[in-house]
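# Examination of the molecular architecture
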Amino acid sequence: MDLQLELNKAGGFKNLELLAKQVVEGFIAGMHKSPFHGFSAEFAEHKIYNQGESTKHIDWKLFAKTDRLYTKRYDEETNLRCHLIIDNSSSMHYPESAGTSIDNLNKIAFSALACASLMNILKKQRDAVGLSIYSDSYDFYSPEKGSERHHQMLLGKLSNAVVSKPETKTTETYRYLHQIAEKIHRRSLIFVFTDMFQTSEEDEKLFEALRHLKHNKHEVVLFHVFDKQRELTFDFDNRPKRFIDVETGDYINLYADNVKDNYEKAVSEYFKNVKLKCGQYRIKYVEADINSGFNNVLTTYMIERQKFV
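Let us look at the structure shown here. (Residues numbered from 1 in each chain as written. Predicted model: local features only at pLDDT ≥ 70, side-chain atom pairs only at ≥ 80, totals over all residues. Heavy atoms only, no water.)

## A few points about the packing of aromatic side chains
Considering all chains together, one arrives at nine aromatic pairs under this definition. Their ring planes at 85 degrees and their centres at 5.9 Å tell us that Trp60 and Phe63 sit as a pair that is edge-to-face. Here the residue Trp60 and the residue Phe63 both occupy positions in helix H2 (residues 60-66), the gap between them amounting to three residues, near one helical turn. The ring of Tyr141 has Lys183 lying over it, and the distance from NZ or CZ to the ring centre is 4.9 Å. (Phe/Tyr/Trp six-rings, centres within 6.5 Å; stacked < 30°, edge-to-face > 60°. Helix = DSSP H or I, 4+ residues; strand = E, 2+ residues; numbered from the N terminus. Lys NZ or Arg CZ within 6 Å of the ring centre and 35° of its normal.)

## Quick word on the packing of helix H3 (residues 107-124) against helix H9 (residues 295-308)
Two elements in contact, H3 and H9, have axes separated by 10 Å at closest approach and are oriented at 40 degrees. Read as a crossing pair, H3 and H9 show a hand that is right-handed. Between H3 and H9, the contacting residues are Phe110, Ala114, Ser117, Leu118, Ile121 and Leu122 on the first element and Val297, Leu298 and Tyr301 on the second. Partitioning the contact of H3 with H9 into residue classes produces eight nonpolar, one polar and no charged. (Axes fitted to C-alpha atoms, helices over the stretch in contact; angles between N-to-C directions. Left-handed = near helix turned anticlockwise from the far one by under 90°. Contact = heavy atoms within 4.5 Å. Nonpolar A, V, L, I, M, F, W, Y, C, P; charged D, E, K, R; others polar.)

## A look at unusual backbone geometry
A cis geometry characterises the amide bond from Tyr94 onward to Pro95, with omega recorded as -5 degrees. Within the fold, Pro95 resides in the loop between strand S5 (81-87) and H3. Phi at Asp67 is positive, roughly 60 degrees, even though this residue is not glycine. Along the chain, Asp67 turns up in the loop between H2 and strand S4 (70-72). Here Asp67 falls in the exposed class, since its relative accessible area comes to 60%. (Buried < 20%, exposed > 50% of the residue type's maximum accessible area, 1.4 Å probe, protein only.)

## Looking at the nonpolar core
Within the largest apolar cluster, 50 residues are counted, with the highest numbers of intra-cluster contacts made by Leu84, Leu113, Leu158, Phe191, Phe193 and Tyr301. Among the elements that line this core, the one with the most residues is H3, at 12 residues. Other than its neighbours up to four places away in sequence, Leu84 contacts Cys115, Leu118, Met119, Val129, Gly130, Leu131, Ser132 and Phe191. Among the nonpolar cores identified, the runner-up in size contains 27 residues, and Tyr176, Ile180, Ala209 and Ile283 belong to it. (Core = buried A, V, L, I, M, F, W, Y, C linked by side-chain atoms within 4.5 Å.)

## Details of the pairing of strand S8 (residues 189-194)
Among the six residues that make up S8, six are buried, leaving the element largely enclosed by the rest of the structure. Neither face of S8 is exposed, since Leu189, Phe191 and Phe193 on one face and Ile190, Val192 and Thr194 on the opposite face are all buried. With five bridges connecting them, S5 and S8 associate as parallel partners. Residue pairing across strands places His83 opposite Ile190, the latter belonging to S8. (Pairing = 2+ DSSP bridges.)

In structure tokens form, the structure reads like this:
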């Protein structure tokens, strides 16, 4: 599918809803290769039959097509609440040159489209979704709802986030996660999209905030959004370059090859520590490379939803 006409650098997403729909349709089309085979075409209206449940609502026509048992799903059975949290700090707008095509997204555009795709599935399943966006301030909060008007409003906020780059300031992620945690009272599935860049406080405070999100029996999934080619493997040519910290404005002039080995070692160690801490706090950690598409995000949702409900 050619989605390049749907994006441009200056204006962000022209039709985020259409993009999200196409991402989800592409994901569903590939489900026959995954453990969710048979769940794809009817997942909006059915749920997997569990042994011991009443057989009254089994869809026998679907059983004839898929050789799997599903029960018809009714509105009152749909009680999942999902809250999406997006870090919109300056560092999430890296790389600044990205955004001209679906294959060239920056971190905030990737996160926004991932959230819109999740919202598309949640809408089909008649589940309630809420949204929080923070940068150097708590920019936006909306509680979980399921109406079409609410859905369109959230899409508008996601689109605006892509083009509303905050000023060069440090971001205290842990502070806003604590505030968000205080607002979410009913048990929810919480997805956090962040690049995990902290400049002013130690990581321990960030993980304390993530643990706070788990109160009231919430399930928390941390999508660690990054550009693997540039931020993990430091894949730059060896011409002299100026590397600028987009949150502080500090910079350094150097040849990439002079620091590549030490940089990769330090960043790999940091990623490893993040994964270990997530494990200690029982937070699901998922790498979200902006160059690898959205299947990993959507598959994680499918798995977590089945576990949650």
